[in-house]
Amino acid sequence: MNILNEHMNKLLKRREIVLNLEQTSSPAHAHVLELVASHFKVAPEQVAVKKIGSHYGSHHFTIEAFVYDSPELKQQIEPRVKAKKAIS
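In every chain, residue numbers begin from 1 and rise along the written sequence. With pLDDT at 70 or above as the cut-off, local features in this predicted model cover only qualifying residues; side-chain atom pairs require 80 or more to be listed or tallied, and sums for whole chains, interfaces and linings still use all residues. In computing side-chain properties, one takes all heavy atoms of the structure into account and sets aside hydrogens as well as water.

Novice: Explanation requested: the overall build of the protein chain in the structure shown.
Specialist: Helix numbers and strand numbers start at the N terminus; a helix is a DSSP run of H or I with at least 4 residues, a strand a run of E with at least 2. Of the regular secondary structure elements, the protein chain holds 2 helices and 4 strands. Secondary structure of the protein chain in N-to-C order comes out as β-β-α-β-β-α. When the backbone C-alpha atoms are referred to their principal axes, the protein chain occupies close to 45 × 35 × 20 Å. Counting only residues that meet the buried cut, the protein chain has 30% of its 88 residues in that class. Contacts are residue-level and defined by heavy atoms, with any inter-residue pair within 4.5 Å sufficient. Contacts in the protein chain between residues at least 24 apart in sequence constitute 47% of all its contacts with a sequence separation of at least 6. Per-residue and other accessible areas follow the Shrake-Rupley method at a 1.4 Å probe size, with only the shown protein chains counted as cover for residues. For the protein chain, the computed accessible surface area is about 6500 Å², with 54% contributed by carbon and sulfur atoms. Asp and Glu count as negative and Lys and Arg as positive, but His and the ends of the chain are not part of the count. Positions of charges follow a simple convention, taking NZ of Lys, CZ of Arg, CG of Asp or CD of Glu. Across the protein chain, the centroid of the 12 positively charged side chains sits 8 Å from that of the 9 negatively charged ones. Burial classification: accessible surface area is computed with a 1.4 Å probe over protein chains only, and a residue below 20% of its type maximum counts as buried, one above 50% as exposed, and the rest as partly exposed.

Novice: Please clarify how the packing of aromatic side chains should be interpreted in this entry.
Specialist: For this analysis, a ring pair means two rings from Phe, Tyr or Trp (six-membered ring only for Trp) whose centres lie within 6.5 Å, classed as stacked if their planes differ by under 30 degrees, edge-to-face if by over 60, and tilted for the remaining angles. Scanning the entire structure with this criterion turns up 0 aromatic pairs. Across the ring face of F66, the terminal group of R14 is positioned such that the distance to the ring centre comes to 3.8 Å. Charge over a ring is defined by NZ of Lys or CZ of Arg lying within 6 Å of the ring centre and within 35 degrees of the ring normal.

Novice: What am I meant to see in the sheet that holds strand β4 (residues 60-68) here?
Specialist: The strands that make up a sheet are held in pairs by hydrogen bonds between backbone atoms, and each pair lies either parallel or antiparallel. What the 4 strands build is an open sheet, ordered β1-β2-β4-β3; its pairing is antiparallel. Of all strands in the sheet, those with a lone pairing partner are β1 (2-9) and β3 (47-54), marking the two edges. For this sheet the average axis-to-axis angle between neighbouring strands, irrespective of direction, equals 15°. Think of it this way: DSSP has to see at least two bridges between two strands before they count as a pair. Bridging between strand β2 (residues 14-22) and β4 involves 9 bridges; their strand directions are antiparallel. Along β4, the bridge assignment pairs R14 with Y68. What counts as an axis is a line fitted to C-alpha atoms, over the stretch in contact for a helix, and the angles between N-to-C directions run from 0 to 180 degrees. Set on the sheet, helix α1 (residues 29-40) makes contact with β1, β2, β3 and β4; between it and β3 the angle comes to about 120°.

Read these as geometric descriptors, not functional statements.
So, in C-alpha cells, the structure goes:
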C-alpha cells in the first residue's frame, strides 16, 4: 500500500488520503477500511472510504479515504446511509 497523496483538511479536521493498493482481486470495502485504519493507527469508526477504483485488467487499485480525528466528527460530517426498505 503506497500513499500517493495526503492532505490535512483543518476545517473539517480530517486527513484526505489517496492510496495505491496492489492486489489480484478487487478489494472489499470492509477490507480496505481495516487496512487504512491499521496503517494510520486509528479506529475503523474514524475512517470513511470514498472510492475504490481501477483500470480494466489492472491489479492496481486507487483508493480515496478520509481519516477523521474522532468518530463523532465523522458522524456529523459524513452523510448517513439509508436503510433498505423491507418488501412486504
